[in-house]
Amino acid sequence: MDFTLALIPFWDMANHAYPDVKEHEDRCVAETCYNAASEQLECNLTREIGDSSNVPIFIVYGKRTDAEFLVHNGFVCPRNPYTSVQKRFTLIPAIPLYKERSHLLELLGIPTSGMFAFGLATDSRLADPISPELITLARVSAMNDKELEHYTSLDDATERQKLCSYHSLLPVELCDRTDRWLATVMKIMLLRYPTTIEQDEALLKANRQMHHIRRLLIEYRLEEKQMLRSWLTTSK
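An unreviewed UniProt entry annotates the chain as protein-histidine N-methyltransferase originating from Anopheles minimus. Looking at the Catalytic activity (unreviewed entry) heading of the UniProt record, one finds this comment for the chain: "L-histidyl-[protein] + S-adenosyl-L-methionine = N(tele)-methyl-L-histidyl-[protein] + S-adenosyl-L-homocysteine + H(+)". Check the Sequence similarities (unreviewed entry) section of the UniProt entry for the chain; it says "Belongs to the class V-like SAM-binding methyltransferase superfamily. SETD3 actin-histidine methyltransferase family."

Spelled out as structure tokens, the structure:
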């Protein structure tokens, strides 16, 4: 089967695209599978093109995060709907009602500090754009004293556990405060970068001949910032 290795250079000429993503709908994507009957690999296009058509062909590198694409494939996917990143979030001891908040988190089995994951706030294709740990920390951090008392004193642990599900139906006021808490925290994280989104975009546009590794790192940093900024627009 060594002769099948000849397909690898052919695949490497194709850029990445997701056929189920709106921005990629008009792209011609090659899907590859093994035909057991003919004992060969076969590439099929997602749409028909003419023999003389000058149409680029894309392939799917998988539903990976930007970090995985960077490390394993050597590129960064702009506005990747399947990406996520991990950042450190902490329940600050100096905030009001810290003891009550940390106790509720303990009942829910959520740590008061840790590396929690999140993806794009909008247009994400992840099952949950934010991890159970982070959405729980955000909700508990945004609660007032009456809400903390209510969820702490619940006899039904299942009802309390709804706080850990991103898709749970909760009071609108609590949801709005949670969105504002997330927006504030994400904005603080954005300010910690040495450059802004606009500066990174200008760097990539002005320096066409920069070293390819530096360009990749700036592209990755830019996508990470775009992910953070997407949460700033969800609060009202």
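Back to the text.
(A) Representation of the pattern of salt bridges within the structure. For the structure on display, the rule yields seven salt bridges. A salt bridge links arginine 79 to aspartate 123, with the nearest nitrogen and oxygen atoms 3.7 Å apart. Of this pair, arginine 79 sits in the loop between helix H2 (66-73) and strand S4 (85-90) while aspartate 123 is found in the loop between strand S5 (113-118) and helix H4 (132-142), placing the two residues 44 residues apart along the sequence. Owing to a relative accessible area of 39%, arginine 79 belongs among the partly exposed residues under this scheme.

(B) Structural view of the packing of aromatic side chains. Scanning all chains against the criterion turns up five aromatic pairs. Each ring, one from tyrosine 61 and one from phenylalanine 75, has its centre 5.1 Å from the other, and the planes form 75 degrees; the classification is edge-to-face. With tyrosine 61 in the loop between strand S3 (57-59) and H2 and phenylalanine 75 in the loop between H2 and S4, this residue pair connects regions lying 14 residues apart in the sequence. Assessed through its relative accessible area of 22%, tyrosine 61 is described here as partly exposed. Seen from their ring centres, phenylalanine 89 and phenylalanine 116 are 6.4 Å apart, and the 5 degrees between their planes marks the pair as stacked.

Procedures and definitions
- Residues numbered from 1 in each chain as written.
- Predicted model: local features only at pLDDT ≥ 70, side-chain atom pairs only at ≥ 80, totals over all residues.
- Heavy atoms only, no water.
- UniProt positions renumbered as here; feature names shortened; annotations may be inferred.
- Salt bridge = Lys/Arg side-chain N within 4 Å of Asp/Glu carboxyl O.
- Helix = DSSP H or I, 4+ residues; strand = E, 2+ residues; numbered from the N terminus.
- Buried < 20%, exposed > 50% of the residue type's maximum accessible area, 1.4 Å probe, protein only.
- Phe/Tyr/Trp six-rings, centres within 6.5 Å; stacked < 30°, edge-to-face > 60°.

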